[in-house]
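Letter by letter, the chains look like this.
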Amino acid sequence: MRILLTGGAGFIGSHTAVAMAQNGHEVVLFDNFTNSDPSVLDRLEKILGFRPIFEEGDIRNYAQMLDVLKRYQIEAVVHFAGLKAVGESVEKPLEYFDNNITGTITLLRAMKDANVKRIIFSSSATVYGTPQYLPLDENHPLSVTNPYGRTKLHVEEILKDLCASDPQWSAVCLRYFNPIGAHESGLIGENPRGIPNNLLPYVARVAAGKMKAVRVFGNDYDTPDGTGVRDYIHVVDLAEGHVCAAAYSQTHTGWIAINLGTGTGYSVLDIIHAYEKACGHSIPYEIVARRAGDVASNYANPQRAFELLGWKARYTLDDMCKHSWNFQKNCE
Ligand code: NAD
Ligand code: UD1
């Protein structure tokens, strides 16, 4: 298929570009580089042996979206483009609503006008809010606690209404759990600007000696070691989930939400210890107060992904840390 990847230069988009291309799809990457760097294209060229097609632009530009969709005769869109920092979304809600919601509506209008009615959307396990039971399946009640989460839930609902309005549409909302790791080449991975908000990039920087110590947000949760438990998933597994979702969308119309997680939870201390194994030395950490808004545990029931997509995560936590470290060593 000819597939447009909005946000294709980002962390998950770049890994999905590799997986899609290696599974015989023609990909067109589209990005405005607000949270990525053009050098990713050189790195993708090294991995793939050819330079992927790239268009620089903003999903909020209707004319450009329409042009790209038509010019490359796109058959499906995987929609990663968006802003994703929870804390920043609380400070700048309008920017998040504009980028993530208005941007998606503009993209969908262009898709409708170009008669491209297949979309795979990057949603998040954040739409489950505080877990009422575990593991989280797709029927768990939805709620949000911040503007970022609201944009994900809102776009899911917009896609549901769109599918109800026209039976030709296919919308697969992939609810990601915690993507970490990197491509095993060490060429692409996650290297956030400034101080990382998420655990793994923070641990990676401490391991590399760029930061002093990991701050563990609370050790008095109701979990085996008292620290928060999450469902970490290798980004390459996640990327392969998109390949399976694209195949599914070729034969299925309508709206569906599907979890992409492993089904296994690991604590903050598990992560630090696994990373110590990967980098070969100890990683300093200190226990600090809980972070506002955090829950004790969060992990997926990945059964639907297996049943509908034939997809299952295959990498272990040790692989995730090893590949992350491989990438981190190459970062400036
Ligand atoms: P990322 O920031 O690395 O990638 C997003 C890309 O979109 C960036 O390259 C950015 O430059 C681009 N972009 C942003 N706004 C744009 C716009 N208006 N027009 C064109 N390009 C634009 O993030 P990621 O981790 O790869 O996440 C991809 C998607 O998955 C996001 O929608 C995110 O909300 C969602 N998601 C991510 C996680 C995670 O932990 N990484 C978890 C759940 C959901
Ligand atoms: C966070 C977001 C979520 C988003 C996801 C991916 C919040 C409340 N949730 O998920 O909406 O989809 O990132 O972008 O922000 N931790 C530390 N020290 C750190 C960082 C984190 O101990 O420096 C702990 C946290 O308390 C948590 C775990 O590590 O228990 C994972 O945190 P993080 O990587 O930020 O992911 P989530 O909070 O699960």
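Data block above holds the structure.
Residues numbered from 1 in each chain as written. Chains lettered and ligands numbered in written order. Predicted model: local features only at pLDDT ≥ 70, side-chain atom pairs only at ≥ 80, totals over all residues. Heavy atoms only, no water.

Visitor: I keep staring at the environment of Q132 and nothing clicks. Help me out?
Guide: Inspection of the secondary structure puts Q132 in the loop between β5 (118-124) and α6 (147-165). For the pair Q132 and K322, spaced 190 residues apart in the sequence, the C-alpha separation amounts to 33 Å. In this view, Q132 contacts H140 and P141; residues no more than four positions away in its chain are not counted. (Helix = DSSP H or I, 4+ residues; strand = E, 2+ residues; numbered from the N terminus. Contact = heavy atoms within 4.5 Å.)

Visitor: How should I be thinking about the site of ligand 1 in this particular structure?
Guide: Around ligand 1, the surrounding shell holds 27 residues, and the nearest of these are D31, N35, S36, K84 and Y148. Within the backbone of I12, one N or O atom sits 2.8 Å away from an oxygen atom of ligand 1. Between ligand 1 and S36 there is a distance of 2.7 Å, counted from an oxygen atom to a side-chain nitrogen or oxygen. If ligand 1 stood free it would expose 810 Å²; the protein chains cover 95% of that surface. Within the residue set of the shell around ligand 1, elements represented by two or more residues are α1 (11-22), β5 and α6. Broken down by element, the shell around ligand 1 gets its largest block of residues, 3 residues, from β5. Split by residue class, the shell around ligand 1 holds 10 nonpolar, 12 polar and 5 charged. (Near = heavy atom within 4 Å. Polar contact = N/O pair within 3.5 Å; in protein donor to acceptor, adjacent residues only side chain to side chain. Areas by Shrake-Rupley, 256 points an atom, 1.4 Å probe, with all protein chains shown as cover. Nonpolar A, V, L, I, M, F, W, Y, C, P; charged D, E, K, R; others polar.)

Visitor: Would you explain the nonpolar core in this entry?
Guide: Among soluble globular proteins, nonpolar side chains are generally buried collectively. In this structure, L5, V172 and L174 are the most contacted members of the largest nonpolar core, which totals 43 residues. At 8 residues, the largest contribution of residues to this core is made by helix α8 (residues 235-251). In this structure, V172 is in contact with I119, I120, F121, A245, Y248, S249, I256 and I258, ignoring residues within four places of it in sequence. Formed by 28 residues, the second largest nonpolar core is a distinct cluster that contains F30, L107, L162 and W169. (Core = buried A, V, L, I, M, F, W, Y, C linked by side-chain atoms within 4.5 Å. Buried < 20%, exposed > 50% of the residue type's maximum accessible area, 1.4 Å probe, protein only.)

Visitor: Sorry, what's going on with the site of ligand 2 here?
Guide: Neighbouring ligand 2 are 17 residues; L199, R215, R230, R291 and D294 lie closest to it. Within the backbone of F217, an N or O atom sits 2.9 Å from an oxygen atom of ligand 2. Notes on ligand 2: free accessible area 730 Å², of which the protein chains cover 87%. Top element by residues in the shell around ligand 2 is strand β8 (residues 214-217). It accounts for 3 residues. The residue inventory of the shell around ligand 2, partitioned by class, reads 7 nonpolar, 6 polar and 4 charged.

Visitor: I'm lost on the environment of I271 in this one. Help?
Guide: Within the element layout of this structure, I271 appears in helix α9 (residues 268-279). For I271, a relative accessible area of 0% translates into the label buried. In sequence terms I271 and V203 are 68 residues apart; their C-alpha atoms lie 8.4 Å from each other. Setting aside its immediate chain neighbours within four residues, I271 contacts L199, L200, Y232, Y266, L317 and C321.

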